[in-house]
Amino acid sequence: MTTQVREPVSAAGEPVRKPPRVREGRRRESWRRAIRRDWQLYTLVLVPLLFFLVFRYLPMLGNVIAFRRFVPGGDIYGESWVGLRYVKMFLDDPTFWQVFGNTMVLGALTLLLCFPLPIVLALLLNEVRTRYFKRFVQTVSYLPHFLSIVIVAGMVLQLVSVEGTVNQVVKAFGGDPITFAQDADWFRTIYVSSEVWQTVGWGTILYLAAFTTIDGQLYEAARIDGAGRWKQTWHITLPGIRPTMITLMILNIGTFMAVGFEKILLLYNPLTYPTADVISTYLYRVGLVSNNFSYAAAIGLFEAVIGLTLILSANAISRRAVGTSLW
């Protein structure tokens, strides 16, 4: 015979809860047991943790020079305390507000186009029934993601040059060549178009994977009720991938201020500064080229605070509005 161990109960018949110290001790014991059992898996986490520690968290200590006067070759944490001097400098700098506006505009355009277009492409691919054609379209749309930024920038500059493909088409229709690369009004169109071409195909991977988690019986029930493909997409597919959509949207909003530094640096020139110069390229010129590291650190800290505020706000709004969030 086996005897069952019953939990102690109070006089009212309710189970007696164990003290917090007992529960914490058992939780620690379960963690130790899990680590001993799956230590091979936990060792795989060490390299990513070291990467984030060395290249993400330790550099945060350098933010202190935003409030101290840093001299190259001197103390790594600055020579003297200057308080908010550098913060006031960039707040009063008209050039900073110009690049801040450019960053907001390019970030908004990139978010408005690069976020919904992968969803549209994934929905279209999901409707394709020919396997080989679907794989061909996926492969062609994925390839630009694996190209180096230098190669992409070189291709774009060749396409929009005076003798490039775009101007050849313009000439064929009787127009005059346009200096796209030297015209500030065309930079945003060129940058956003290249960003869409390079990222939209790769962004469909997560959505195509999310489609597989939707119960197929929902589509069968919808067809029995007379729902067409559009109604099935609107009432079943989109709600089914909503958690994935919200998660990616929050992540994209978190990187809203971090507009692509490498591509802009390769595409812009002094003639396109009025619309092309963003915070990251401005920091590069001020911090590395002009050796004004404290001023650049203050601007970078300001940008990071805005990015943190955006992602926290987006996460809170998403949690209250649709019940889905990152944390």
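S.K.: What's the story with the overall build of the chain in this structure? I'm lost.
M.R.: When helices and strands are counted, the chain shows 17 helices and 2 strands. Expected size for 327 residues packed as a compact globule is a radius of gyration near 20 Å; at 27 Å, the chain overshoots this value by more than 25%. Referenced to the eigenvectors of the C-alpha coordinate spread, the extents of the chain come out at roughly 95 × 70 × 40 Å. Sorting the 327 residues of the chain into buried and exposed places 31% on the buried side. Within the chain, counting contacts between residues at least 6 apart in sequence, those at least 24 apart form 62% of the total. Accessible area for the chain stands at about 21300 Å²; split by element, carbon and sulfur atoms hold 65% of it.

S.K.: Which parts of the structure should I look at to understand the nonpolar core?
M.R.: A general trend in soluble globular proteins is that nonpolar side chains are found buried together. Core analysis: the biggest nonpolar cluster contains 38 residues, and Phe187, Tyr191, Tyr207, Ile241 and Ile264 have the highest contact counts within it. Residue assignment for this core shows that the elements contributing at least two residues are helix 5 (94-114), helix 6 (116-127), helix 8 (149-159), helix 10 (184-211), helix 11 (216-224), helix 13 (242-254) and helix 14 (261-267). Each residue touching Ile241, except ones within four places of it in the same chain, is listed here: Ile119, Tyr207, Ala210, Phe211 and Ile214. Judged by nonpolar contacts, the second largest core, of 19 residues, contains Phe90, Val99, Phe100 and Ile299.

S.K.: How do you make sense of the packing of helix 12 (residues 229-240) against helix 13 when you look at a structure like this?
M.R.: The geometry of a pair of packed helices is captured by two quantities: the angle between their axes and the separation between those axes. Two elements in contact, helix 12 and helix 13, have axes separated by 5 Å at closest approach and are oriented at 50 degrees. Considering the angle they form, helix 12 stands oblique to helix 13. Two secondary-structure elements touch here, helix 12 through Leu238, Pro239 and Gly240 and helix 13 through Arg242, Pro243 and Met245. The residue makeup of the contact of helix 12 with helix 13, split by class, is 4 nonpolar, 1 polar and 1 charged.

S.K.: Sorry, what's going on with the packing of helix 11 against helix 12 here?
M.R.: In contact at an axis separation of 10 Å, helix 11 and helix 12 are set at 135 degrees when each is read in the N-to-C sense. By the criterion of interaxial angle, the relationship of helix 11 to helix 12 is oblique. Helix-helix and strand crossings are classified by hand; for helix 11 and helix 12 the assignment is right-handed. Contact residues: Leu218, Tyr219, Ala222 and Arg223 in helix 11; Arg229, Gln232, Ile236 and Thr237 in helix 12. Here the residues of the contact of helix 11 with helix 12 sort into 4 nonpolar, 2 polar and 2 charged.

S.K.: Sorry, what's going on with unusual backbone geometry here?
M.R.: A negative phi angle is the norm for most residues apart from glycine, just as the trans form is the norm for most peptide bonds. Look at Asn291: it is not a glycine, yet its phi comes out positive at around 60 degrees. Inspection of the secondary structure puts Asn291 in the loop between helix 16 (279-289) and helix 17 (293-321).

S.K.: What should I look at first to understand the packing of aromatic side chains in this one?
M.R.: How two aromatic rings sit relative to each other is given by the distance of their centres and the angle of their planes. Scanning all chains against the criterion turns up 18 aromatic pairs. Aromatic pair Phe100 and Phe302: ring centres 6.2 Å apart, planes at 50 degrees, arrangement tilted. Separated by 202 residues along the polypeptide, Phe100 in helix 5 and Phe302 in helix 17 bring together distant segments of the chain. Given the relative accessible area of 16%, Phe100 is considered buried. Among the aromatic residues, those joined into a ring-pair cluster are Phe90, Phe96, Trp97, Phe100 and Phe302. Geometry around Tyr191 places Lys263 over its ring, the cationic atom sitting 5.8 Å from the centre.

About the cut-offs
- Residues numbered from 1 in each chain as written.
- Predicted model: local features only at pLDDT ≥ 70, side-chain atom pairs only at ≥ 80, totals over all residues.
- Heavy atoms only, no water.
- Helix = DSSP H or I, 4+ residues; strand = E, 2+ residues; numbered from the N terminus.
- Rg over C-alpha atoms; globule rule 2.2 N^0.38 Å.
- Buried < 20%, exposed > 50% of the residue type's maximum accessible area, 1.4 Å probe, protein only.
- Contact = heavy atoms within 4.5 Å.
- Areas by Shrake-Rupley, 256 points an atom, 1.4 Å probe, with all protein chains shown as cover.
- Core = buried A, V, L, I, M, F, W, Y, C linked by side-chain atoms within 4.5 Å.
- Axes fitted to C-alpha atoms, helices over the stretch in contact; angles between N-to-C directions.
- Parallel < 35°, antiparallel > 145°, perpendicular 65-115°, else oblique.
- Nonpolar A, V, L, I, M, F, W, Y, C, P; charged D, E, K, R; others polar.
- Left-handed = near helix turned anticlockwise from the far one by under 90°.
- Phe/Tyr/Trp six-rings, centres within 6.5 Å; stacked < 30°, edge-to-face > 60°.
- Lys NZ or Arg CZ within 6 Å of the ring centre and 35° of its normal.

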